[in-house]
Amino acid sequence: MPNLEPTNNAPGLHVSKPSPSDPATASAVCHCGASTSAKGDAQVGALVAGWNANHGAAHGK
C-alpha cells in the first residue's frame, strides 16, 4: 500500500484508527504551507474540524 501521509508536494489530511481500542492519529499539510498532527480521538476530531474550517476546500489556492 502506498504511503498516504500528506506532504508539501501532495497536501491533504490523513486520519488513521487501526482498531476501536487504539487512539486515532492524524496529519495534515495544506497547500498554504500549514502543517500539523494529532494523536488521540479528541485531538484528531479538533484537527479535522480545524482543517474543514480553515484549510482544504475552505480556502482557495
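The coordinates are above.
Residues numbered from 1 in each chain as written. Predicted model: local features only at pLDDT ≥ 70, side-chain atom pairs only at ≥ 80, totals over all residues. Heavy atoms only, no water.

(A) Quick look at the overall build of the protein. The secondary structure content of the protein amounts to one helix and three strands. From first element to last, N terminus to C terminus, the protein shows the α and β order β-β-β-α. By the compact-globule yardstick of 10 Å for 61 residues, the protein fits well, its C-alpha radius of gyration being 12 Å. Each principal axis of the C-alpha atoms in the protein carries an extent, and together these give about 40 × 25 × 15 Å. The proportion of buried residues among the 61 residues of the protein is 23%. Counting contacts in the protein only where the partners sit at least 6 residues apart, residues at least 24 apart contribute 19% of the total. About 4,100 Å² of surface is accessible on the protein, with carbon and sulfur atoms providing 54% of the total. (Helix = DSSP H or I, 4+ residues; strand = E, 2+ residues; numbered from the N terminus. Rg over C-alpha atoms; globule rule 2.2 N^0.38 Å. Buried < 20%, exposed > 50% of the residue type's maximum accessible area, 1.4 Å probe, protein only. Contact = heavy atoms within 4.5 Å. Areas by Shrake-Rupley, 256 points an atom, 1.4 Å probe, with all protein chains shown as cover.)

(B) Region of the structure containing the side chain of H14. Secondary-structure assignment places H14 in strand β1 (residues 12-16). Within polar-contact distance, the side chain of H14 engages the side chain of E5 at 3.2 Å. Leaving out residues up to four positions away in the same chain, H14 has contacts with L4, E5, P6, T25, A26 and S27. (Polar contact = N/O pair within 3.5 Å; in protein donor to acceptor, adjacent residues only side chain to side chain.)

(C) The arrangement of the nonpolar core in detail. One finds A24, A26, A28, C30, A38, V44, L47 and W51 forming the largest nonpolar core, which totals eight residues. Those elements that provide at least two residues to this core are β2 (25-29) and α1 (41-54). Looking at this core, the element that brings in the most residues is α1, giving three residues. In contact with A26, other than residues within four places in its own chain, are H14, V15, T36, S37, A38, V44 and L47. (Core = buried A, V, L, I, M, F, W, Y, C linked by side-chain atoms within 4.5 Å.)

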